Amino acid sequence: MILPADALFRRQRDEHALRMHCEDCVLFDDVREQCAHGYPTEAHRRPPNDDAPITFCKDFEAL
Ligand code: SF4
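The notes below deal with the structure included here. (Residues numbered from 1 in each chain as written. Predicted model: local features only at pLDDT ≥ 70, side-chain atom pairs only at ≥ 80, totals over all residues.)

Some words on the overall build of the protein chain
Step number 1: Scanning the protein chain from terminus to terminus reveals one helix and four strands.
Step number 2: The linear arrangement of helices and strands in the protein chain, starting from the amino end, is β-α-β-β-β.
Step number 3: Over its C-alpha atoms the protein chain spans a radius of gyration of 12 Å, differing by no more than 12% from the 11 Å that the globule rule assigns to 63 residues.
Step number 4: Principal axes of the C-alpha set define a box for the protein chain whose edges measure 35 × 20 × 20 Å.
Step number 5: For the protein chain, the share of sequence-separated contacts (at least 6 apart) that also reach a separation of at least 24 residues comes to 56%. (Helix = DSSP H or I, 4+ residues; strand = E, 2+ residues; numbered from the N terminus. Rg over C-alpha atoms; globule rule 2.2 N^0.38 Å. Contact = placed C-beta atoms within 7 Å.)

What follows is the structure in structure tokens.
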């Protein structure tokens, strides 16, 4: 699911400290920068800018 990071989303993400990227996922290997389940991570990594669209991963598991 791809969502635009509009102003409402960004405000709610900050208010609720939402986590949604590979870097926040228990399945992400920080050293190898790979997903333990073998999924491609490019679309799910934390974007460099705050207003980039968000691509949710169905297999995300919060740390
Ligand atoms: S399960 Fe999804 S969010 Fe978690 S590391 Fe793999 S690709 Fe990233």
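Overview of the site of the ligand
Step number 1: If you check the shell around the ligand, you find Cys-22, Cys-25, Leu-27, Phe-28, Cys-35, His-37, Tyr-39, Thr-41, His-44, Cys-57, Asp-59 and Phe-60 and nothing else.
Step number 2: In the shell around the ligand, the residues fall into eight nonpolar, three polar and one charged. (Near = placed C-beta within 6 Å. Nonpolar A, V, L, I, M, F, W, Y, C, P; charged D, E, K, R; others polar.)

Considering the environment of Cys-22
Step number 1: By the element assignment, Cys-22 lies in the loop between helix H1 (7-15) and strand S2 (28-29).
Step number 2: Residues Cys-22 and Ala-7, spaced 15 residues apart in sequence, show a C-alpha to C-alpha distance of 22 Å.
Step number 3: In this view, Cys-22 contacts Phe-28, Cys-35, Thr-41, His-44 and Arg-45; residues no more than four positions away in its chain are not counted.

Focus: unusual backbone geometry
Step number 1: Within the chain, Ala-17 stands out as a residue other than glycine whose phi angle is a positive 50 degrees.
Step number 2: Positioned with a positive phi, Glu-33 is a non-glycine residue whose angle comes to about 55 degrees.
Step number 3: Among the secondary structure elements, Glu-33 is positioned in the loop between S2 and strand S3 (34-35).
Step number 4: C-beta crowding within 10 Å serves as the criterion here: with 11 such atoms nearby, Glu-33 is assigned to the exposed category. (Buried ≥ 20, exposed ≤ 12 C-beta atoms within 10 Å, placed from the backbone.)

Description of the environment of Arg-19
Step number 1: With respect to the helices and strands, the residue Arg-19 is situated in the loop between H1 and S2.
Step number 2: As a C-alpha pair, Arg-19 and Phe-56 span 37 residues in sequence and 10 Å in three-dimensional space.
Step number 3: In contact with Arg-19, other than residues within four places in its own chain, are Asp-24 and Ala-62.

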